[in-house]
Amino acid sequence: MKRLDIKNQSLKQEFFVARFYKSPEFLKKTACCCLVFLAVLFGSGDTYGWLFPEHRQIALLAIQNLSPEYRAMLDKLWAEASMGYTNRLTASVIDPQQGLKPQKLDYATWTAIGGDHSCSPEMMLNTVLHADWILKVADVAEQLKIDLAKAKTRDQQINAIRNSDIKLQRADQEYATRAGSNNVHFLLARPKVDTKLHEYLLACLSPGSPLNALGAYSWFHMSALLKASRYANEHLSPEEKSALLLSALADEAFALHFLEDSFSAGHIAGTWGNASVRKGTHDYYNEKGLEVITWDGKKKIVKGDAYMRNEDAEFAAANVGLSLEQLIDAANGKLSLNYKNDLVSSKNVPDTLNVCKNNVLPARHADTVIKTTLLAILTKTPVPALASGLGELPRFRSEVGAFIGISTSLNSSAVFGGYGENQKEAGAIGGLEASIRFGLGLDGVLDESGDGLVFIQAGWKQNSSSTSRFTNSNVESQTNSITAAIPGQSAYSFRLRLPFWLIPGDLLIAGPFLYFLSPQTLTKMAVIAGNGGLIPWQSGIASPIGRFQFVLGREIGVSLYGQGTPVQSILIPVDPKNTVLISYKTTQLDFPILEYMPFQRSFSQVQSSSMIVQFTGGISIPHGASVISPVNAAIPQLKNVYQVGVRIIFDWRHYF
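The rules behind each value
- Residues numbered from 1 in each chain as written.
- Predicted model: local features only at pLDDT ≥ 70, side-chain atom pairs only at ≥ 80, totals over all residues.
- Heavy atoms only, no water.
- Helix = DSSP H or I, 4+ residues; strand = E, 2+ residues; numbered from the N terminus.
- Buried < 20%, exposed > 50% of the residue type's maximum accessible area, 1.4 Å probe, protein only.
- Areas by Shrake-Rupley, 256 points an atom, 1.4 Å probe, with all protein chains shown as cover.
- 1 Å grid on protein atoms, 1.4 Å probe; cavity = no way out; pocket = protein on both sides within 12 Å on 5 of 7 lines; lining within 4 Å.
- Points joined across faces, edges and corners; volume = space filled by probe spheres on them.
- Patch = residues over 30% accessible without salt bridge, like charges linked within 9 Å, V, L, I, M, F, W, Y side chains within 5 Å.
- Salt bridge = Lys/Arg side-chain N within 4 Å of Asp/Glu carboxyl O.
- Axes fitted to C-alpha atoms, helices over the stretch in contact; angles between N-to-C directions.
- Parallel < 35°, antiparallel > 145°, perpendicular 65-115°, else oblique.
- Contact = heavy atoms within 4.5 Å.
- Nonpolar A, V, L, I, M, F, W, Y, C, P; charged D, E, K, R; others polar.
- Core = buried A, V, L, I, M, F, W, Y, C linked by side-chain atoms within 4.5 Å.
- pLDDT = per-residue confidence, 0-100.
- Polar contact = N/O pair within 3.5 Å; in protein donor to acceptor, adjacent residues only side chain to side chain.
- Left-handed = near helix turned anticlockwise from the far one by under 90°.
- Phe/Tyr/Trp six-rings, centres within 6.5 Å; stacked < 30°, edge-to-face > 60°.
- Lys NZ or Arg CZ within 6 Å of the ring centre and 35° of its normal.
- Expected span 1.5 Å × (residues − 1).
- Arc of directions from axis to C-beta.

## Remarks on the overall build of the protein chain
- Along the protein chain, the regular secondary structure elements total 16 helices and 14 strands.
- A buried classification covers 58% of the 656 residues belonging to the protein chain.
- With an accessible surface of roughly 26,800 Å², the protein chain has 59% of that area assigned to carbon and sulfur atoms.

## Here's the deal with empty space enclosed by the protein
- For the structure on display, the rule yields six cavities of 30 Å³ or more.
- Around the largest cavity, the lining is made up of 22 residues, and of these Ser413, Lys461, Asn463, Gln588 and Gln643 lie nearest the centre.
- Mapped by element, the contributors of at least two residues to the lining of the largest cavity are strand E3 (400-416), strand E4 (426-442), strand E5 (454-463), strand E6 (489-497), strand E11 (579-597), strand E13 (607-629) and strand E14 (641-655).
- With six residues, the top contributor of residues to the lining of the largest cavity is E14.

## Observations regarding a nonpolar patch on the surface
- On the surface, a nonpolar cluster with roughly 790 Å² of combined accessible area is contributed by Leu502, Ile503, Leu534, Ile535, Trp537, Phe550, Leu552, Phe591 and Ile593.
- Residue placement: Ile535 occurs in the loop between helix H16 (519-530) and strand E7 (541-543).
- According to the relative accessible area criterion, Ile535 is exposed, its value standing at 54%.

## A few points about the packing of helix H6 (residues 133-150) against helix H7 (residues 154-171)
- Two elements in contact, H6 and H7, have axes separated by 9 Å at closest approach and are oriented at 175°. Taken as axis vectors, H6 and H7 run roughly antiparallel relative to one another. Where H6 approaches H7, its residues Trp133, Lys136, Val137, Val140, Leu144, Asp147, Leu148 and Lys150 are matched on the opposing element by Gln156, Gln157, Ala160, Ile161, Ser164, Lys167, Leu168 and Ala171.
- Split by residue class, the contact of H6 with H7 holds nine nonpolar, three polar and four charged.

## Side note on the environment of Tyr85
- Mapping Tyr85 onto the fold places it in the loop between helix H3 (68-81) and helix H4 (107-113).
- Exposure remark for Tyr85: the relative accessible area of 27% places this residue in the partly exposed category.
- Separated by 19 residues in sequence, Tyr85 and Lys104 place their C-alpha atoms 9.8 Å apart.
- Setting aside chain neighbours within four positions, we find Tyr85 in contact with Leu129, His130 and Leu246.

## Description of the nonpolar core
- Core analysis: the biggest nonpolar cluster contains 101 residues, and Tyr107, Trp110 and Tyr217 have the highest contact counts within it.
- With 12 residues, helix H9 (residues 213-233) is the largest single contributor of residues to this core.
- Excluding anything up to four places from it in sequence, Trp110 contacts Trp78, Leu89, Met124, Leu125, Val128, Leu246, Leu249, Ala250 and Ala253.
- Counting 11 residues, the second largest nonpolar core, distinct from the first, contains Ile486, Ile572, Ile582 and Val641.

## Quick word on unusual backbone geometry
- Here Ser629 and Pro630 are connected by a cis peptide whose omega angle stands at -10°.
- A positive phi angle, near 75°, is found at Ala306, a position not held by glycine.
- In this fold, Ala306 is placed in the loop between strand E2 (299-302) and helix H13 (310-332).
- Given a relative accessible area of 9%, Ala306 falls into the buried group.

## Considering the layout of surface pockets
- As a volume, the second largest pocket reaches approximately 450 Å³.
- If you trace the second largest pocket, you find 19 residues lining it, with Glu54, Leu148, Ala149, Met308 and Arg309 closest to the centre.
- Top element by residues in the lining of the second largest pocket is helix H2 (residues 52-64). It accounts for four residues.
- Of the residues in the lining of the second largest pocket, the class split is nine nonpolar, four polar and six charged.

## Some thoughts on the confidence of the model for the protein chain
- Put simply, the protein chain has an average pLDDT of 86, and 88% of its residues get 70 or more.
- Below a pLDDT of 50 lies the segment residues 1-46, which in the model reaches 134 contacts outside its immediate sequence neighbourhood of four places, other chains included.

## A look at the side chain of Arg554
- Mapped onto the elements of the fold, Arg554 is located in the loop between strand E8 (546-550) and strand E9 (555-561).
- Of note is the side chain of Arg554, whose polar atom sits 2.5 Å from the backbone oxygen of Ala529.
- A distance of 2.6 Å separates polar atoms of two side chains, one belonging to Arg554 and the other to Gln538.
- With sequence-adjacent residues up to four places away left out, Arg554 is seen in contact with Asp451, Leu496, Arg497, Leu498, Pro499, Phe500, Ala529, Gly530, Gly532, Gly533, Gln538 and Gln549.

## Some points on the packing of H2 against H13
- One can describe the packing of H2 onto H13 by two numbers: an axis separation of 8 Å at closest approach and a directional angle of 60°. It follows that H2 is oblique to H13 by the angle criterion. H13 is crossed by H2, and the crossing has right-handed handedness. Here H2 contributes Ile58, Leu61, Ala62 and Ile63 to the contact with H13, which in turn contributes Ala313, Glu314, Ala316, Ala317, Val320, Gly321 and Leu324.

## As for the packing of aromatic side chains
- The full count for this structure, using the stated rule, is 17 aromatic pairs.
- Pairing Trp537 with Phe550 gives two aromatic rings, centres 6.5 Å apart and planes at 45°, and the pair type is tilted. Here Trp537 is found in the loop between H16 and E7, whereas its partner Phe550 is found in strand E8, with 13 residues between them in sequence.
- A relative accessible area of 39% places Trp537 in the partly exposed class.
- You can call Phe550 partly exposed: its relative accessible area is 38%.
- Through pairs of rings, three or more aromatic residues link up here, namely Trp78, Tyr107 and Trp110.
- The ring of Phe315 has Lys300 lying over it, and the distance from NZ or CZ to the ring centre is 5.5 Å.

## As for H3
- Here H3 spans 20 Å end to end across 14 residues, near enough to the 20 Å set by a 1.5 Å rise per residue.
- Those residues of H3 that fall on the buried side of the exposure criterion are Met73, Leu74, Leu77, Trp78, Glu80 and Ala81. Across the axial projection of H3, the buried residues extend over an arc of 165°, all falling on one side.

## A look at the pattern of salt bridges
- A complete count under the given rule lists 17 salt bridges for this structure.
- Ionic pairing is found between Glu311 and Arg309, a salt bridge with its closest N-O pair at 3.2 Å.
- Among the residues examined, Arg309 registers a relative accessible area of 26% and is labelled partly exposed.
- Put simply, Asp651 and Arg437 hold a salt bridge, and the shortest N to O gap is 3.5 Å. Here the residue Asp651 occupies a position in strand E14, and Arg437 occupies one in strand E4, the gap between them amounting to 214 residues. Grouping residues by exposure puts Asp651 and Arg437 together as buried.
- Salt bridges here are not isolated pairs; linked through shared partners, they connect Arg495, Arg497, Glu555, Asp590 and Glu595.

## Some points on the environment of Pro384
- Among the structural elements, Pro384 can be located in the loop between helix H14 (368-378) and E3.
- The contacts of Pro384, once residues within four sequence positions are left out, are Leu187, Leu188, Ala189, Arg190, Tyr200, Ile268 and Trp295.

Set out below in structure tokens:
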């Protein structure tokens, strides 16, 4: 836009809001020193704008709603631009009947690929024309559209998105890590309630402004308009005209992606706050909806990504249609633009501005006609929410970021025998545990089914004696704890949780090497690990009664019994007539297998709490035995004790 400095420096500073949570930088530090290299593992908190099928649906509606004259001209432009690529592009500009496993892509699909599956119009067009994987992405998106249409409950919707994200990550390996360190998919927040439209647009569109949805749309729409004007006025060969027109359509599709994003509730509510609050707020308003007013005074209730209604699609499509009409007018010569001094649009190739790597809007001149043309679109976009301060919208936290927490649990286990060779009677043990946790919350980084939670935990555990006795003889004193096969005992307890890519602990081993050799590979592995692993059997499964997740291999608990005073003692029968009293220590390992969360987490801006039911398996390994009585007796042979159990856990976290 015009090379002007923002005179109000305080206004300018207000608009330089915090980086969007999906930055690869925001999770590059973890306070767990032994797991420091894990910081780069989850370099993406990717939540873009509308889902792929939602982006495409908006563009479909916009094109279908064009007048017959505009639609005919757009089809003509499409036919000329697609010459030489008819094996990859549909005959008509849109294909409303596109089904599963498409072999060709229509123009509506381009708007979904731009921004989310590419970082510039140049990359997008190359992907559309030459990349086989994008056809798989389109297939996954179409299946998601079908699954979302069938979903009648929230858990069915969550599972549909879960399945789609797993397939998208397989089809597009950059899907979860393509994000840049900026707010390009979002509207900048207003610094004050009386911010005028011209002030807001100045902050969005001036050189040096942080990349944002309106700035990105305006930049690429301007590129498309100027190329379309070149098409209408310059004397070019048919091949040159086709290449120029194809580039203009690519620039426009990329621009439309961000224009569509600006109508999503989570992208209007504001991006200020730390990573977790930005993500949580985004997700909350997408689902619950938000009342908005456009700059020209129209009021609407809008929802967002994964929750788009027909009225939401129509609302966004009206502006998309106006943008396409401007492009068609420029190509027809009805819109006279001065393109001769614009270097960006002087070549017959798509725009190369990379929205994943650039954080600010470059300088670019815009004449009065361009400004007026853009203003006709921008005035119809929603007014964004206020930035931090008086009158701000309520904010919500997601499970992302470093935390310190308290975990308490009620434990119950079935034990299969005792430590003595002759103790085979099964029994039950109850217990309590209280611990302090420190870790990195990475739940739902890709979607609600993800779980990249990392923590270390230390605490104290107290167990009751087992219901089984040390001997089968009918001794009256069997009611005492000392006569139990496993007496009551206490322990120092420790716990480690860490997702894995293929086998438990693989990130712990590979991390230090890949951190230096290939951080990008490490990040990809970690995103896959957090979303269920290479074989995604550990991704969360939503149900009407709560969330289930297989977690075997993700977490291990270690309990050290008999480390303090008084010494831990136990009666061990060595034969039917003789019993030995020994002191001993025990190391217990437990491995959670299945988790069940009956309720959604309760959030504030700095803390969260949840209840989890965990089904576990484990083994107790006795060691360090010595005889107490009789003094000269031999130390009996001890055996391991296996057990299965249930833990009811209360988890409270305070985020930094």
